[in-house]
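# Geometric and topological summary
Residue strings, one per chain:
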Amino acid sequence: MHHDVPSRATTPEPAPVAARAPAERRRQITLGVRDSFSAGLGIFPLGIALGLLIMQAGLPWWLAPALSLAAFAGSLELLLVATVTPLAAVALTVLVVNFRHVFYAFSFPLHLVRHPVARAYAVYAMIDEAYAVNASLPEAERSAPRLLAMQIACETYWVGGGLVGVALGAALPAPVKGLEFALCALFTVLTLDAFRSRSELPSVLLAGAGAALALVLTPGLAMFTALLMFVGLLLVRHTLTTRRPAQETTDA
């Protein structure tokens with residue numbers, strides 16, 4: 001006598017963690033490259049401006065990729081090429097202009113990058129655009145592969161733009177005026193992006209107030225003073241916003 005045993009539907013077993021890890025890493029890298037597109041719209045033209053300035057200054061073409069790899073800092077490279085000043089003055093200006101990166105480190109997610117070489121590169125490539133793009137991501141969506149892929153893509157835009165600028169500079173018969181404004185235009189665009197969110201509007205207003213006071217009080221070191229004042233104002237705002245919910249809870 002045969003008994004029919006009901007057949008059980010076989011459900012596919014989930015893939016092991018070791019098999020899912022490479023696929024997830026590739027997905028994070030793809031997302032990182034995709035994150036870099038918005039920043040690349042500003043970085044690539046800025047690199048072109050650097051390459052054009054190098055050719056118009058009569059410098060060798062290889063200086064564009066060499067500078068872009070040795071010091072991944074657009075303001076520093078444009079300052080070195082566009083001005084003819086003593087080295088000590090350039091060093092002081094670079095210190096004041098790039099001092100803002102000290103404040104970036106307080107909230108940049110370097111703790112996600114475990115490998116020492118990768119972490120060193122993340123520090124090296126911590127530019128304004130990378131910081132702005134990463135700050136717009138929710139904390140749960142951040143990862144080391146996504147962060148590093150975005151930074152590598154941004155540097156690729158910068159180096160590639162410099163090479164395109166070198167080619168254009170060699171082909172154009174006459175110099176192009178106004179390229180020095182490219183860096184200021186990029187920072188203006190990044191500032192305008194902050195106005196899109198009403199929650200960040202107070203921070204934008206505080207930054208404007210700090211810059212205005214710095215221009216009046218210390219016009220020679222306006223950038224350095226404005227950053228210090230902006231940090232102080234942000235700390236005051238943070239203290240007031242954290243106290244307000246606590247007082248409302250106590251009153252209730």
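Everything below is about the structure printed above this text.
All of these numbers come straight from a predicted model, not from anything done at the bench.

What counts as what
Residues numbered from 1 in each chain as written. Predicted model: local features only at pLDDT ≥ 70, side-chain atom pairs only at ≥ 80, totals over all residues. Heavy atoms only, no water. Helix = DSSP H or I, 4+ residues; strand = E, 2+ residues; numbered from the N terminus. Buried < 20%, exposed > 50% of the residue type's maximum accessible area, 1.4 Å probe, protein only. Contact = heavy atoms within 4.5 Å. Areas by Shrake-Rupley, 256 points an atom, 1.4 Å probe, with all protein chains shown as cover. Phe/Tyr/Trp six-rings, centres within 6.5 Å; stacked < 30°, edge-to-face > 60°. Axes fitted to C-alpha atoms, helices over the stretch in contact; angles between N-to-C directions. Left-handed = near helix turned anticlockwise from the far one by under 90°. Nonpolar A, V, L, I, M, F, W, Y, C, P; charged D, E, K, R; others polar. 1 Å grid on protein atoms, 1.4 Å probe; cavity = no way out; pocket = protein on both sides within 12 Å on 5 of 7 lines; lining within 4 Å. Points joined across faces, edges and corners; volume = space filled by probe spheres on them. Arc of directions from axis to C-beta. Core = buried A, V, L, I, M, F, W, Y, C linked by side-chain atoms within 4.5 Å.

## Things to note about the overall build of the protein
Looking only at helices and strands, the protein has 11 helices and zero strands in total. Going residue by residue from the N terminus, the α and β elements of the protein occur as α-α-α-α-α-α-α-α-α-α-α. Looking at the protein as a whole, 33% of its 252 residues qualify as buried. Taking as baseline every contact in the protein between residues at least 6 positions apart, the subset at least 24 positions apart corresponds to 74%. Accessible surface computed for the protein: about 15,900 Å², of which carbon and sulfur atoms make up 69%.

## Some details on the packing of aromatic side chains
Under the definition given, this model contains two aromatic pairs. Each ring, one from Tyr 121 and one from Tyr 124, has its centre 5.6 Å from the other, and the planes form 50 degrees; the classification is tilted. Here Tyr 124 and Tyr 121 lie together in helix H6 (residues 116-124), a separation of three residues that amounts to about one turn. With a relative accessible area of 29%, Tyr 124 lands in the partly exposed category.

## Some words on the packing of helix H7 (residues 128-135) against helix H8 (residues 144-171)
Viewed as axis vectors pointing N to C, H7 and H8 meet at an angle of 145 degrees, and their least axial separation amounts to 10 Å. In this structure, H7 meets H8 at a crossing whose hand is right-handed. For the pair H7 and H8, the contacting residues are Ala 130, Val 133 and Asn 134 in the first and Leu 147, Met 150 and Gln 151 in the second. Split into classes, the residues belonging to the contact of H7 with H8 amount to four nonpolar, two polar and no charged.

## Details of empty space enclosed by the protein
Summed over the entire model, instances satisfying the criterion amount to two cavities of 30 Å³ or more. Forming the boundary of the second largest cavity are Asp 35, Val 133, Asn 134, Leu 137, Arg 142, Ser 143, Arg 146, Leu 147 and Met 150. Elements represented by at least two residues in the lining of the second largest cavity include exactly H7 and H8. No other element matches H8, which puts three residues into the lining of the second largest cavity.

## Here's the deal with helix H2 (residues 63-70)
Within the span of H2, buried status applies to Ala 64, Pro 65, Leu 67 and Ser 68. End-on, the buried residues of H2 take up no more than an arc of 165 degrees, which puts them together on one face. In this structure, H2 carries Leu 69 and Ala 70 as exposed residues pointing more than 90 degrees from its buried face.

## Considering the nonpolar core
Ile 43, Phe 72, Val 113, Ile 127, Met 150, Cys 154 and Trp 158 are the most contacted members of the largest nonpolar core, which totals 28 residues. Looking at this core element by element, the count peaks at nine residues for H8. Not counting chain neighbours up to four residues away, the residues in contact with Met 150 comprise Gly 32, Asp 35, Ser 36, Ala 130, Val 133 and Asn 134.

The values reported here are purely geometric and, on their own, carry no functional implication.
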